[in-house]
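# Secondary and tertiary structure notes
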Amino acid sequence: MMHSNPNAPILPPARAAVADLSKTENNLLDAQVQDNLISAALNQKALEVHERLCALYRCPIAFFAERDPLSELVSSLLSHRTKNRDSAIAYQHLRQRFPSWEGVRDADEATVRATIQSATWPEQKAPRIQEVLRRITELKGQLSLAFLASMTVPAAREWLEQLPGVGPKTSAATLLFSNLRRAALPVDSHHYRVAVRVGLIPTTTSLIAAHRKLEALLPVGWDAQRVYNHHEVMMLHGQRCCFFERPACERCPVSDICDFYKAQQSNSQPARAAGRDA
């Protein structure tokens, strides 16, 4: 049974309500301050990772292509779950077989499918690419994405993501990799793995949600070259060091600030201690 403190001041109902509200506001303020501190620390960590990896992979990194945005969109759709070499071959064959994107749009699906055979799942990608080209024509009256240049990055990404099969990675790639050179951050599986292991995003973050979270960690005002550098060094690090299996932590330049490495070291401590006791 609970007993009230006889020495506690008795507040009128109105004053008691104000006191409770004040406590709630203070708690919310404390939580906001804590969130801001965590956010600032993550921003700083992301920048530190970027600078170290840029030193390793020698930024600035040259853009790999100079395509118009529509061509880059098709290239990105071909690259889904496909090795770069194979998707590049599929794209080249498509450009050689058809003189224009209107030709791809209006062609027999079987012909398009046979042309992009080097890409994975051509039976899915052929109708999807044609569907996207038709949808753009319906919405704009012509096959061109040049109008995206006059839109803000968020608005351009929203417009692209209304198209079938276009998610945040494809919309960002279309804007960043094309000759539009807009500061949008694509996140592939290598980039995602490095970000999760280092501790920039929680392990529970989906790949789709990772785009917004990781882009928010970059300094405001970064141009397309800096965003591209960041994407490339994170991807390269996943390919060359932070492997899916047996990552090469011993030669990683960010291991001292990596959550994954610290956890691995912590887990190995008891085992080493047990070995010494034996």
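Use the structure listed above.
A short tour of the structure in this document, coming up. Not measured: the values here are computed from a predicted model. (Residues numbered from 1 in each chain as written. Predicted model: local features only at pLDDT ≥ 70, side-chain atom pairs only at ≥ 80, totals over all residues. Heavy atoms only, no water.)

Quick look at the pattern of salt bridges now. The tally for this structure, following the rule as stated, stands at 13 salt bridges. In this structure, Arg85 and Asp86 form a salt bridge, with 3.6 Å as the shortest nitrogen-oxygen distance. With relative accessibility at 23%, the residue Asp86 sits in the partly exposed group. Connected through salt bridges with shared partners, the residues Arg157, Glu161, Arg212 and Glu215 form a single ionic network. (Salt bridge = Lys/Arg side-chain N within 4 Å of Asp/Glu carboxyl O. Buried < 20%, exposed > 50% of the residue type's maximum accessible area, 1.4 Å probe, protein only.)

The subject of this paragraph is the packing of aromatic side chains. All told, the structure shown has five aromatic pairs when counted by the stated rule. Aromatic side chains Phe63 and Tyr228 sit 4.1 Å apart centroid to centroid with 20° between the ring planes, which places their arrangement in the stacked category. Remark: Tyr228 occurs in helix α11 (residues 224-240) and Phe63 occurs in the loop between α1 (13-57) and α2 (69-79); sequence separation between them is 165 residues. The exposure class of Tyr228 is buried, given its relative accessible area of 1%. Centre to centre, the rings of Phe147 and Trp159 are 4.9 Å apart; their planes meet at 75°, and the pair counts as edge-to-face. Of this pair, Phe147 sits in the loop between α6 (122-140) and α7 (153-160) while Trp159 sits in helix α7, placing them twelve residues apart in sequence. Residue Trp159 is classed as buried on the basis of its relative accessible area of 14%. Members of the aromatic cluster, each reached through a chain of ring pairs, are Phe63, Phe64, Phe177 and Tyr228. Here the basic side chain of Arg97 rests over the ring of Phe98, its NZ or CZ set 5.0 Å away from the ring centre. The side chain of Lys140 reaches across the aromatic face of Phe147, ending 4.2 Å from its centre. (Phe/Tyr/Trp six-rings, centres within 6.5 Å; stacked < 30°, edge-to-face > 60°. Helix = DSSP H or I, 4+ residues; strand = E, 2+ residues; numbered from the N terminus. Lys NZ or Arg CZ within 6 Å of the ring centre and 35° of its normal.)

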